[in-house]
Every structure is written in C-alpha cells, then in structure tokens.
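Commentary on secondary and tertiary structure
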Amino acid sequence: MNYQKFFNSELEKLKKEGLYRKFREIDRPIKKFPKADETQGEIERDVEVWCSNDYLNMSQHPEVVNETVKTLLEIGSGSGGTRNISGTSSYHTALEERLAKVHNKDNALLFASAYTANQSTLWTLGKKIKNLEIFSDELNHASLIQGIKNSGASCHIFQHNNVDHLETLLKSVDKNHPKLIVFESLYSMEGIRSPIIKIVELAKKHKAMTYLDEVHSVGLYGERGKGIAVEMKVDQEIDIINGTLAKAFGQMGGYIAASNEIIDYIRSFSPGFIFTTSICPSIAAGASKAIDIVSLADQLRVKIHENASSMRQLLDAIAIPYIDTNSHIISVMINDPFLCKKVSEKLIDDHGIYAQPIFYPTVPKGLERLRITVTPKHRKEHIENMVQCLDKVWSDLSLPRKNSTKLKINN
C-alpha cells in the first residue's frame, strides 16, 4: 500500500468537500481581551475574539493566575504520575471536593479533559454492565458518542430532545435490562436546552440511570453557577454529571460527579483514568480558585446573558439568520461549508473579527455556521462593531436574510 498516496487522497477529498480545517494562530494577552494577537507568517496584528469558550474570562482573572503561578513555583509543573502512582496531590483532592459541592453530589473524579471523562466513563459502564441498553440523543457530543461506540453496548439513538421517541425506544427493549440515558443540558452548537425534567421522569418510569453532560452549563446557569440540573431542581435525580474545567472555569481538564459508589467504581475500573497522568497541581489549584470566584460571580452571569441578548437584538435588526435560544451561545446559520469559511475569512481578513467556521463533523452537513460567544469583557461598542462587520460581509457575499429561527425549548 502506498501510505503517502492514501493520506494525500483523503486530505484532497476533505478539501474538495470544503471540510478541511485551517488553524489561526491567536495569542490572548491578559490586558487586551477581547482583543488578541494574530500571527500569519511575519505579519502580526490585533483581532477581536468572538469564538472563545473562556466564557467568564477566568483564564485571565488575576486571582486565578496568581494562584496558578504560586502553586507552580511551589510544586513544579507536572503531577509526577498517574493518580494511583504518585499523581494524587492535595490540590487534586481539594478540587474534587469542590466539584462535588458544585453539583450537590457525594464525590467527583478528575480527568485530563471532559472528552476523556465522557469517553472513559461511558466505555467503562458499557463494557462492565451486562446487557446495558444506552439511549443517546442524536446531537450528543463526539466524546459521548465515541465512549458509547467503543464500549460495544447496545445503543439506541433518539431524535434530538424528542421525549416521545425516547420513550418508544425505552419500551422497545427488555424491561429487565439495565438502561442508561445519555444527554446534554445545553447543546453547544445550538445553545438549545434539553427537556431535562421530562427525561428524568422517563428515567424513573423505566428504571434507567441518567448521564448528563453539563459542560456548557456549569458556571453560567443555576444557583451560584451550579448548572442547569440545579436550576431545574433535578440534580439529585441525575446519576452522573460530566463537566469541564476548560470553559466557565477557564482552565483545562474534565470530571464526573456522582455518588460515592459510582465514583469509586469508575476510579477502580476505567482505563482512561487509571493509566493517564493526572492534571498539573497548578492547574488544579487555579481551577479551585476559579470555582470559588465563579460561585460568587452573579454579576458576570448577568452580564454574559445581557450581552447575548443585545447581540440577538442587533442581528434581528439586520435580518441575519440565527438560532434564537436565549442562551449565551448564538449560532449564525450559513448552511454551506465553503460560504461559511468565506464569511469567517472575510470577517478576520477585512475587519479583524475572529469567528471560526463550524462544519462537519462538529455539526451535520448542510448546517454550517458561525458559533458566536460573547463574554463579560465584550462591551457595547464591541458588540455593535461585530454586528456591523457581519452585516457588511453578509452584503458583500449576497447571503440571504431572514428572521431568526425561533425554537421551542421544553423543560
């Protein structure tokens, strides 16, 4: 086999479909955000960031940075090993205790990323629980899908947020088989909430466990930023909650929160946890500090939602199509991979506005978009300028205009 030819051929197919990705080199100096430095070859310039997941700007919060640096200088850069061999420090256990309290659970377990947490936990459950029937929302994140697939467990995919379809599938399997419903509280590419209360009711009715991904919710919704499950008062009904340190908390790493028995089980049987070097103590310390700050940061949560609301109003005024969900995520719909990349390129090249194109496999083919995220540091003038630039690009490319897509959100 000509391996080089194979790789080149596959990459060429990707480019012809408009699905090849190019990465922009962006540095975000603390004192400049939402401005950042873009480097292309020998050219450097200021750009404005509109696609960051650092939702509350915790990665640059002075107290978080100071705590991270302080711990780095005291402990060093690495953890020293896996959690069971030299890699468990007081910083790891303290962070897990904080995360358990965030979700009102007995315990929590840290992973290198939320992707790893999802993949490893679902793999372990699917492999170890005999005859487990898994029910997965069709728009679930790739990490959830991969964990389920790799487990080899029987999987039933229900239509997005369709509780009637979910119940039909639940009724179709052996009632004596163990069951697990896997879904997200807030879907990251649409900003759509799940009908979490109805799914919990179905889980009780059919004696199923529940696995909830709160990655884009924790820190931003609910009392003290505890997430949508807490906001909807169903946190005690959810068996396993997945979250990240990399978004509202501005660090890196992921976790699950659950009962002591479930956490101990995953800790003891999951290869993705057992055989992976633990996160750096300095990151754990910074995350703990970020959690403390976020828990008291109601004004930041109010500000990010106010900014998102202002953005939607301005988009409505110029008839730019977007998915209106009243969340902090705004998806501007373009529905063509080549045009989506063209809009993104013109925004940054002509106007210094950085918003990466989103296309397959992140979203289904034909539903390409810009996923715009505001932060508390985006001011009124930033929002107005961004929309004005988008309006100009939209006109330059003669893209269709229409009213925003109003979606019904069932909770």
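See the structure above.
Residues numbered from 1 in each chain as written. Predicted model: local features only at pLDDT ≥ 70, side-chain atom pairs only at ≥ 80, totals over all residues. Heavy atoms only, no water.

**Quick look at the packing of helix 12 (residues 298-317) against helix 14 (residues 380-396)**
Remark: helix 12 packs on helix 14, axes separated minimally by 10 Å, with the N-to-C direction vectors making an angle of 30°. Classified by chirality, the crossing of helix 14 by helix 12 is right-handed. Between helix 12 and helix 14, the contacting residues are Asn307, Ser310, Met311, Leu314 and Leu315 on the first element and Ile383, Glu384, Met386, Val387 and Leu390 on the second. The residue inventory of the contact of helix 12 with helix 14, partitioned by class, reads seven nonpolar, two polar and one charged. (Axes fitted to C-alpha atoms, helices over the stretch in contact; angles between N-to-C directions. Helix = DSSP H or I, 4+ residues; strand = E, 2+ residues; numbered from the N terminus. Left-handed = near helix turned anticlockwise from the far one by under 90°. Contact = heavy atoms within 4.5 Å. Nonpolar A, V, L, I, M, F, W, Y, C, P; charged D, E, K, R; others polar.)

**A short note on the environment of Leu315**
By the element assignment, Leu315 lies in helix 12. On the accessibility criterion, Leu315 (0% relative accessible area) is buried. Sequence-wise, Leu315 and Ser270 are 45 residues apart; in three dimensions their C-alpha atoms are separated by 46 Å. The residues contacting Leu315, other than those within four sequence positions of it, are Ile320, Tyr322, Ile330, Val332, Val387 and Leu390. (Buried < 20%, exposed > 50% of the residue type's maximum accessible area, 1.4 Å probe, protein only.)

**Observations concerning the pattern of salt bridges**
Evaluation of the coordinates by the stated rule reveals 25 salt bridges. For Lys32, the salt bridge identified is with Asp46, shortest N-O distance 2.5 Å. In this pair, Lys32 sits in the loop between strand 1 (25-27) and strand 2 (35-40) while Asp46 sits in strand 3 (residues 43-49), placing the two residues 14 residues apart along the sequence. By relative accessible area, which is 45% here, Asp46 ends up partly exposed. (Salt bridge = Lys/Arg side-chain N within 4 Å of Asp/Glu carboxyl O.)

**Some details on the sheet that holds strand 3**
Either a parallel or an antiparallel arrangement is found when strands of a sheet pair, and the pairing is made through backbone hydrogen bonds. Pairing within the open sheet is mixed, and its four strands lie in the order 1-2-3-15. The open sheet has two edge strands, strand 1 and strand 15 (353-354), and neither has a second partner. As paired elements, strand 3 and strand 15 share two bridges and run parallel to each other. Bridge pairing links Glu48 to Ile353 in strand 15. (Pairing = 2+ DSSP bridges.)

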